[in-house]
Every structure is written in C-alpha cells, then in structure tokens.
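# Architecture at a glance
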Amino acid sequence: MSPNNLSNAEAISAEAVNVDAIKQSDSTKQALQIEDAEKTYRVKRWGNGYFAVGQSGDIEVTPRYDQPDLRINMKEVVDEMVAEGIEFPAVIRFHDILRSQVERLNRTFRTTIEEADYEGRYLGVFPVKVNQMREVIEEIVDAGNRFNYGLEAGSKPELIAALAYNTNKHSLTILNGYKDEEYLRLALMGLKINRNIVIVIEKFSELTKLISLSKSLKIMPVIGLRVKMMVKGRGKWESSSGERAKFGLSIAEILKAVELLEKEGMTEAIKLLHFHIGSQLTDIRAIKEAVQESSLIYSRLVKLGVPLEYVDVGGGLAIDYDGSQSTSDSSCNYNLEEYISDIVYGFKQTSDLEGVNHPHIVSESGRAMTAHHSCVVTKVIGEIHPRSATYNTKKATGEHIIVTNIRDIEKDLSEDNYQEAYNDIAQLKEQALQAFKLGIMSLEEMAKIEVIYWRILETINTLVAGQEFIPEELKEIPEMLSSQYLANFSVFQSAADSWAIDQVLPIVPISRLDEKPTKLCSLVDITCDSDGKIDHFIGDDVVASNIPMHALNDDDYFIGIFLTGAYQDVMGDMHNLFGRLNEVHIVSYDDDPKDFYIEEVVKGSSVKDVLSTMQYTPEILAQMVKKEIDEQIRRGKIKPREGVNWIDFYEDCLGDYTYLK
Ligand SMILES: *Cc1c(COP(=O)(O)O)cnc(C)c1O
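All figures in this text were calculated on a predicted structure; none of them were measured in a lab.

### Quick word on the overall build of the protein chain
On a plain count of helices and strands, the protein chain comes out with 23 helices and 21 strands. Along the longest, intermediate and shortest principal axes, the C-alpha atoms of the protein chain span 100 × 75 × 60 Å. Per-residue burial over the protein chain gives 54% buried out of 661 residues. With an accessible surface of roughly 29,800 Å², the protein chain has 51% of that area assigned to carbon and sulfur atoms. Across the protein chain, the mean location of the 71 positive side-chain charges is 6 Å away from that of the 105 negative side-chain charges.

Shown next as structure tokens:
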C-alpha cells in the first residue's frame, strides 16, 4: 500500500473530528467543506480554468477562457438530461472548451512570436487520431480557421477525412504514418485541389515510392523529413524517440534522402523538418533538449543548401490529469505558456547563432486541444463490501470456541485494547478458516465470524480516528474498509487508458461537494471482467487506490470521469458488447452567463447496433427466438397471448441502450 492511500483515508477521519469539534455555523461549514472538496479532488488544478467546485457544492464549468463569468452548473445539465429522457452513462461535450483551447494555443504562439521578435509564423495542425469524431473535427477546423490552423493525418482513412474537411487554403495538412502508393496518390491529389499538403517521410523506402509516383503524375510534392531524435521523451511514450524509435530517419538517412532528391532534381520539395518524441511529455526538460537538438539539425541542413522553411515539433504537450504539476506519468511540470516559450525562444536562439532564417513553427498538439472538452457522466448504482452483510450473530448452544472468542472480543472492545483486539481477530479469522477446512466449523458459524469481524474493524476504525497517534499497522484499516462503488459504465469503452496504461483520470461526484465524503472507494464497472475497475485516483503525492465519495442515499449519485476528450473518446472497445455512449453537446448562451442548452443529442449504440457489428442480424435473432416460443405454444407450455408478449419484449430489448436502465 502506498502512503498516499492513507492520506485520503486520514482526510476522511481527520475532517470528521475537526468539523465536530469546531461546530461552525452552517454556511462557514459549507464553505470550508467546499475548500476541502477542492483539496481532495483538485478540480481547479486539473480543470485548467474550465472546471471548479461551485458554491452550490456542484461542479461548475466555465467553458470560455475569455469569459470567466460564464458558469454552467453540471448538476443542472444532468437534471436536464434526465428530464429529456437521455439515458446514462453519457458523454457530455463542451464545444466551447474545444474552441477555447484552439484559440489559446494559437494566440499564445502568436503573442510569444511577437514578443520574441521571431521572424517565422506559427501554423499548427490538429492530429486527427486524438479524436476523429466528425463534430470534434468540424469544431476545431471552424475555431482554427482564422489562425490558419490545419489538420494532421496518420493513416489513409484520416487523410480521406482531412481532404474533405481542411478546406482553408492557407492551413497545412501534414501527413504522417506509414504510407503505401495509394496513400501517396491521395496526398498528391490533395496538392491538385490546392491543399497545403506536406508528406512527411517516416521511412526511407517511402521516398523512392514518392519520387517515382510524382514523376509519373507530374506533381511536385512538398516533403517533410521526420528525424529520429537522440533525446528521449519522458513518460509513458519515451520509446517514440531514440535510435530504436519506430518512425523517422537517422541523420545518415536524412543526408542520403537529400542527396537522392538532389539527384532527381527535387531538392526544392524539401520544406519541413519533423520530429515527435512522444505523447504526454511530463518533463519540460525533454522539450528543451528536443528543441536544441532539432534546431541544430535544421540549421545545419539549411547551411548545406536544403531549402527548409518549417520545423514541426510534433505533439507531446501534456495534460495535468492528477493536478500534481509533477513529472508523474499523469501530470507535467510546465504549462502551455512555458512550452511555447521554450520552442519559440529555442529556435530563435539557435537560428541566430547559426545565422539561418527563423523557421515557421508547426506543432501537432492533440491531447492538449481535446482532453478537457468532454467527460463521461454516470450513476453509482450500488456498493460492494463484505461488511454490508448482516446475519444473526447470537450465541448458539454448543457453538465453536472461535465464535465465542470473537464475540467476547467485540463485547470488551475499548479505547484501551483496540490494537490487541485488531491482532486477535486477524488470528481468529485465520483459525476459523482452518477449522472450516477440517470440517469442524459450520457454514452458519463462518457467517457469524465474518459478520462480527467486519463489525469489530468498523468500531476500531472509529476509535482510531479520534487518536493523535496511530500505530503503523492500524493505518491500513481504512483501506480494508474501503468500498467498491458499482457504476453503470464500462472501463473498456469509456476510460481505456485507465485500464491499459494505469492513466489517472479525475473522477469527481457532480454534486454534494458541500458535504463531507465519508466513504473511501474504488470504482467497478458493469462488465463481467475483474479488470473492469478503476483504482488509480488523484492522491496527495502519488496515485491513490481509493477516493473519498459520499454515502449513497435515496437520491441518484452521479459521478463524472473527466478529461476524456483525448484518445479515451475514440479508443474504447465493445467488451461485453457495451457500445458507444449517448452524447450531448452543451452550448452556453451569450446573453445569460448561467444558462446553457443542449445543442445536439447523439444516440449511443443500441443492442441491435452492437450485435450487427459482430455479424448478427437482429431480425434473424428475433425469428429464431420466435420459433422457440411458437414451439412452446404448440406444446401448450406457453399461452399464445403470453408468447406474443415475450416476443415483443425481446424485440424491444434489441432496440434498447446497451447499459443498465
Ligand atoms: C499522436 C501524435 C501526435 C499527437 O500527440 P499529443 O501528445 O496527443 O499531442 C502528434 N504527432 C504525431 C506524429 C503523433 O503520432
């Protein structure tokens, strides 16, 4: 167990004592609790100006970075969705956040370039693979239009989408990924329809293919060379750079490529130098080093007579998912301004020293553009914990001595002996199991021991919470008592990276944040897979395996999984045939800072939809079941009217949402 689990746990018990002891007026108490919620869930720290805990105790969204007075209450959004009959889990998209991020990136590059007296321009592109949804691409292209912000494609299907959508004559379309002849042909077609296509050579053999194709079609391409950088990215994706990187040309290959193009009379085609050292670069030092290395390569190539004009710094701009501003895998130790400043000033310095022109700067930030704009909201539908079981533990005649012993410990439990009791019950539980295996303990007796054991642990936990000094071994009790909250969603569909790479995503209740959370929980989903859980949460300094949540009551308890707009939105799979989520697009009114409307509802997959992707034909399924029912009707086992009802029910289910109702 990491020490941090304790701090989340200690927070729970410590707050309990504080609040009781001080007895403030209700409103101060509420204000203090909201401050505590902010500390626990770090909403402002990962929220990037877009999310905060509101005075009402609900999550509030400020979707426009230039309009801080806009405040949308997420609880009201959820209430409206419920009123409109939209089923959960659902994706909530804030298109204003998407626009804000695109504007922020472009504006910051522009002001930094101006401040630095930098002579090149900024021409960013959005990498389609980070979120290929049409609505997302449309919004980004629209928001980026006045900045000549373009698109980056890494495959044929992405290029086909980019060719249709990136219609701005001044923006770039950058093509990465491995390319076959068809891909290259599409790229050249793009040049024919006036797109600023840059074909980035990832592998030497692509170059020979491209040369012969462009000669036969008589189209001069614009070529980018991706360099395999020596600098290592830091974080999960550090293998994207270095000698063993999958993509890019070594220095020797770059020189060979220049020579080959010269021989073919195509030197003028070489316009861009590209690198990408990995996504989610957690440490700003990796970026500084990459800028230094690439700016030198750029300058030296220019001095060799290569007519380069652009440098493309790739992606990697990280998101502080856990709000720790550290170099942990789910965080980063820098912000947007610092990132841009290091790039602009870095290239300026090297170019000036080397006496070459300042290159135009291209960047391919995807994660940072989209992560904040969408989240998944779902309902907690139950709690799983062994202590929840109840059973009559009264003394029975002739019961096993272990049962009597553990009952006596419970009776005598006090502030003076809880540590001893803690040790004893662990031992008794162990002995009980052995006795059961030997066949000398009954199922009823086992049930009693189990129930008394958890009851004692709960009491010890309350006793310990009031103490100044807590012995090391007792610090694990809150963890042992932690619950699993069962939520109506699939990790594999909605939070793929939490499962695949232990990525921390902020998870926060949508409301009740003015109330003290009294449960320590991890989250489990509704798939039939023990991996279908989330146990990486925001903790004090390292990742915690539990997060404080509120005790469930009669009201619906909605939680949000935030920052799912990059990759998570589109990488999910249909494990257990749980399909895509219902989606709503929320837009704010210009004239009322608190109001919002649901601009669009996109229906998620129905049972029929997901079955069809697995080659089933829903109509045939219904016929097959109908045949069985008819058979039972013929045999008199089902009445005809009842049979019709069953068939109708089956067909209705085919049209339903795949998640729990
Ligand atoms: C994935 C990828 C990106 C996007 O990276 P982010 O870290 O999400 O900004 C950019 N460029 C290339 C070549 C990529 O493969």
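### Re the layout of surface pockets
Of the volumes computed, that of the largest pocket is approximately 660 Å³. Along the wall of the largest pocket there are 30 residues; nearest its centre are Lys129, Phe247, His276, Ser279 and Tyr567.

### Quick word on the sheet that holds strand E1 (residues 51-53)
Taken in spatial order, the three strands of this open sheet run E1-E2-E3, and their pairing is antiparallel. Either end of the sheet is taken by a strand with one partner, and the two such strands are E1 and strand E3 (72-73). Inspection of the sheet shows strand E2 (residues 59-61) paired to E3 by two bridges, in the antiparallel sense. If you follow Glu60 over to E3, its bridge partner there is Asn73.

### Quick notes on the environment of Leu308
As for its placement among the helices and strands, Leu308 is situated in the loop between helix H11 (284-303) and strand E11 (310-312). Remark: the alpha-carbon pair of Leu308 and Leu272, spanning 36 residues in sequence, is separated by 5.5 Å. If near-sequence neighbours (up to four positions away) are discounted, Leu308 is found in contact with Ile270, Lys271, Leu272, Leu273, Tyr298, Leu301, Val302 and Asn357.

### Points about the pattern of salt bridges
What the rule picks out here adds up to 40 salt bridges. Note that Arg512 and Glu515 form a salt bridge whose closest N and O atoms lie 2.9 Å from each other. Exposure remark for Arg512: the relative accessible area of 16% places this residue in the buried category. Across the pair Lys661 and Asp656 runs a salt bridge whose closest N-O atoms are separated by 3.1 Å. Overall, the relative accessible area of 77% leaves Lys661 in the exposed class. The exposure class of Asp656 is partly exposed, given its relative accessible area of 23%. The structure contains a network of salt bridges with shared partners spanning Arg64, Asp66, Glu103, Arg107 and Arg146.

### Focus: the environment of Ser326
With respect to the secondary-structure elements, Ser326 resides in the loop between E11 and helix H12 (336-354). The spatial distance from the C-alpha of Ser326 to the C-alpha of Leu443 is 51 Å, given a sequence separation of 117 residues. When neighbours within four sequence positions are excluded, Ser326 is seen to be in contact with Thr282, Ser331, Cys332 and Asn333. Only 3.1 Å separates the side chain of Ser326 from the backbone nitrogen of Ser328, close enough to count as a polar contact.

### Topic: the environment of Ala257
Mapped onto the secondary structure, Ala257 falls in helix H10 (residues 251-263). Considered as a pair, Ala257 and Thr267 are 10 residues apart in the sequence and their alpha carbons are 9.7 Å apart.

### Some details on the packing of aromatic side chains
Taken as a whole and assessed by the stated rule, the structure comprises 14 aromatic pairs. Ring centres of Trp46 and Phe51 lie 5.5 Å apart, and the angle between their planes is 45°; on these two criteria the pair is classed as tilted. Considering the side-chain rings of Tyr453 and Trp454, the 5.3 Å spacing of their centres and the 85° angle between planes classify their relative orientation as edge-to-face. Just as Tyr453 is buried, Trp454 falls in that class too. An aromatic cluster of at least three residues, connected via ring pairs, comprises Trp46, Phe51 and Phe562.

### Description of the site of the ligand
Of all residues adjacent to the ligand, which total 16 residues, the nearest are Lys129, Ser279, Glu364, Gly366 and Tyr567. Between Tyr567 and the ligand, the recorded distance is 2.6 Å, taken from a side-chain N or O atom to an oxygen atom. In isolation the ligand offers 390 Å² of accessible surface; the protein chains occlude 92% of this area. Judged by the proximity of its atoms to the pocket grid, the ligand belongs to the largest pocket.

### Points about the pairing of strand E6 (residues 150-153)
Going residue by residue along E6, you find Gly150 and Glu152 tucked away on one face and Leu151 and Ala153 tucked away on the opposite face as well. Summarising the sheet, strand E5 (residues 125-127) and E6 pair through three bridges and their orientation is parallel. Bridge pairing in E6 links Val125 to Gly150. In this region the chain leaves E5, passes through helix H6 (residues 134-144) and returns to the parallel neighbour E6; the handedness of that crossover is right-handed. Handedness of the E6-helix H7 (residues 156-165)-strand E7 (residues 172-175) crossover: right-handed.

### Here's the deal with helix H4 (residues 74-83)
At 3.6 residues per turn, the α-helix brings residues three or four places apart onto the same side. Taken together, the buried positions of H4 are Met74, Val77, Val78 and Met81. In an axial view of H4, the angular spread of the buried residues amounts to 95°, which keeps them on one side of the axis. Measuring from the side-chain oxygen of the N-cap residue of H4 to the backbone nitrogen of Lys75 gives 2.7 Å; that N-cap residue is Asn73. Gly85, located one to two residues past H4, shows a positive phi value of around 75°.

### Focus: the domain arrangement of the protein chain
Once the domains are mapped, the protein chain shows domain 1 (3-88), domain 2 (118-365) and domain 3 (609-654). Relative to domain 3, the C-alpha centre of domain 2 lies at a distance of 55 Å.

### Brief notes about the side chain of Arg42
Considering the arrangement of structural elements, one finds Arg42 in the loop between helix H2 (26-41) and helix H3 (43-47). Within the local environment of Arg42, its side chain forms a polar contact with the backbone oxygen of Asp322, the two atoms lying 2.7 Å apart.

### Overview of the sheet that holds E6
Pairing in this open sheet of eight strands is parallel, and the strands run E5-E6-E7-E8-E9-E10-E11-E12 from one edge to the other. A single partner strand is all that each edge strand has here, and the edge strands are E5 and strand E12 (360-362). Geometrically, the sheet is characterised by an average inter-axis angle of 25° between neighbouring strands, direction not taken into account. Pairing of strand E10 (residues 270-274) with E11 involves three bridges; the strand directions are parallel. By the bridge assignment, Leu272 is partnered in E11 with Tyr310. Against the sheet, helix H9 (residues 204-217) engages strand E8 (196-201) and strand E9 (223-226), with an angle of about 135° to E8. This element, H11, spans E10 and E11 of the sheet and lies at about 160° to E10.

So, how was this worked out
Throughout this description, residue numbers start from 1 for each chain and increase along the sequence as written. For this predicted model, a pLDDT threshold of at least 70 governs which residues receive local features, and a threshold of 80 or more governs which side-chain atom pairs are given and counted, while totals over whole chains, interfaces and linings are taken from all residues. Side-chain measures were taken over the full set of non-hydrogen atoms in the model, leaving aside hydrogen atoms and water. Helix numbering and strand numbering both begin at the N terminus, where a helix is a DSSP run of H or I of at least 4 residues and a strand a DSSP run of E of at least 2. Buried, partly exposed and exposed residues are distinguished by accessible area as a fraction of the type maximum, computed with a 1.4 Å probe on protein chains only: under 20%, between the cut-offs, and over 50%, respectively. Using a 1.4 Å probe, accessible areas were evaluated by the Shrake-Rupley method; residue-level cover was limited to the displayed protein chains. The positive count covers Lys and Arg only, the negative count covers Asp and Glu only, and His and the chain ends enter neither. A single reference atom marks each charge: NZ on Lys, CZ on Arg, CG on Asp, CD on Glu. The definitions used throughout rest on a 1 Å grid laid over the protein atoms alone, on which a cavity is an enclosed set of points accommodating a 1.4 Å probe that cannot get out and a pocket is an open set flanked by protein within 12 Å on both sides along at least five of seven lines; lining residues are those having an atom within 4 Å of a point. Grid points are joined across faces, edges and corners, and a volume is the space filled by probe spheres set on the points. Here, any two strands with at least 2 DSSP bridges between them count as paired. Contact criterion: two residues are considered in contact whenever any of their non-hydrogen atoms come within 4.5 Å of each other. Salt-bridge detection follows one rule: a side-chain nitrogen of Lys or Arg within 4 Å of a carboxyl oxygen of Asp or Glu. N or O atoms closer than or at 3.5 Å make up a polar contact, with two conditions inside protein: a donor-capable atom paired with an acceptor-capable one, and, for residues adjacent in sequence, both atoms drawn from side chains. When the centres of two rings from Phe, Tyr and Trp lie within 6.5 Å, Trp using its six-membered ring, the rings pair. Their planes under 30 degrees apart give stacked, over 60 give edge-to-face, and anything left gives tilted. Any residue with a heavy atom lying within 4 Å of a molecule or strand is counted as near it. The rule for placing a molecule in a cavity or pocket is simple: more than half of its atoms must lie within 2 Å of the grid points. When the strands point away from the viewer, a crossover counts as right-handed if the route from the first strand across the helix to the second turns clockwise. The arc in question is the one traced by the directions running from the helix axis out to the C-beta atoms. Residue ranges assigned to each domain were obtained from an automatic or database domain assignment. Only the contacting stretch of a helix is used when fitting its axis, a line to C-alpha atoms as for every element, and angles between N-to-C directions run 0 to 180 degrees.

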